[in-house]
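# Report on the structure
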Amino acid sequence: MQQEVRNKKKKLIILIALVFAFAFTLSACGDAGTEEAAAPEKVTATATMNAGEVPVEVTIDTSQGYSVIFADDGFSLFEGEYDDSTYPLVTATILTQEVYDKYLEDNKDNDTLQEVDGFTKYTSGIGELACLWKIGDVVPFLMTFEKSVDGDRADEIIGCMEMNAIQ
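Residues numbered from 1 in each chain as written. Predicted model: local features only at pLDDT ≥ 70, side-chain atom pairs only at ≥ 80, totals over all residues. Heavy atoms only, no water.

This part covers the packing of aromatic side chains. The full count for this structure, using the stated rule, is five aromatic pairs. Seen in terms of ring centroids, Phe78 and Tyr82 are 4.9 Å apart; in terms of plane orientation they differ by 70°. Their pairing is edge-to-face. Linked through ring pairs, Phe70, Phe75, Phe119, Trp133 and Phe141 together constitute an aromatic cluster. (Phe/Tyr/Trp six-rings, centres within 6.5 Å; stacked < 30°, edge-to-face > 60°.)

What follows is the structure, given as structure tokens:
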């Protein structure tokens, strides 16, 4: 009988050890599952636009699925892979001061005109969102968005861009 009690104690100790081992294993699995997934590598496209008075370096985060075609005076941004038959999501260009001033003057009475964080935004006569500002407070710049892009989406797209006047 004493032998039987010892065997039950041994079985109980082994059972408790197995429960702890199992719980530890589940705990480790749970911790691994709560860790953040590795962030995708940030992919950018960079170019220097030289058409204005001051060169502008542009970097666009394309890891959100965008592709971009640069020119000396601006760029076109596309949703997904670039395809020459696709209308650009964004068309952007350096302006002369005179053209910049004319856009502001022509739209001063536009009901959609708003000044936000140094950007002048309005809906153009053809229904596209337009955004005017000066890069580095010196280079007049215009960005227009495809008609399906609303203000929030435009802000999101602008957030994927960094532009610096090189002085």
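The next thing to look at is the pattern of salt bridges. This model, assessed by the stated rule, comprises five salt bridges. Lys102 is paired through a salt bridge with Asp106; the nearest N and O atoms lie 3.0 Å apart. With a gap of four residues between them, Lys102 and Asp106 both fall in helix α2 (residues 97-106), about one helical turn apart. Asp155 is the partner of Lys121 in a salt bridge, and the nearest nitrogen-oxygen pair spans 2.4 Å. Here Asp155 lies in helix α3 (residues 151-158) and Lys121 lies in strand β7 (residues 119-123), a separation of 34 residues in the sequence. One network of salt bridges, with partners in common, ties together Glu79, Arg153 and Glu156. (Salt bridge = Lys/Arg side-chain N within 4 Å of Asp/Glu carboxyl O. Helix = DSSP H or I, 4+ residues; strand = E, 2+ residues; numbered from the N terminus.)

Attention shifts here to the pairing of strand β5 (residues 90-94). Alternating residues of β5 divide into Val90, Ala92 and Ile94, all buried, and Thr91 and Thr93, none buried. Inspection of the sheet shows strand β4 (residues 74-79) paired to β5 by four bridges, in the antiparallel sense. The residue of β5 that forms the bridge with Phe75 is Ala92. Relative to strand β9 (residues 139-145), β5 runs antiparallel, the two being bridged by five bridges. Within the sheet, the bridge partner assigned to Thr91 lies in β9 and is Thr144. (Buried < 20%, exposed > 50% of the residue type's maximum accessible area, 1.4 Å probe, protein only. Pairing = 2+ DSSP bridges.)

To continue, consider the sheet that holds strand β3 (residues 66-71). Taken together, the seven strands give an open sheet; going across it, the order is β3-β4-β5-β9-β8-β7-β6, and neighbouring strands pair in antiparallel fashion. Two strands close off the open sheet at either side, each with one partner strand: β3 and β6 (114-116). If you compare each strand with its neighbour and ignore which way they point, the axes differ by 20° on average. Here β7 runs beside strand β8 (residues 129-135); their pairing, made up of four bridges, is antiparallel. Within β8, the residue paired with Tyr122 across the bridge is Ala130. (Axes fitted to C-alpha atoms, helices over the stretch in contact; angles between N-to-C directions.)

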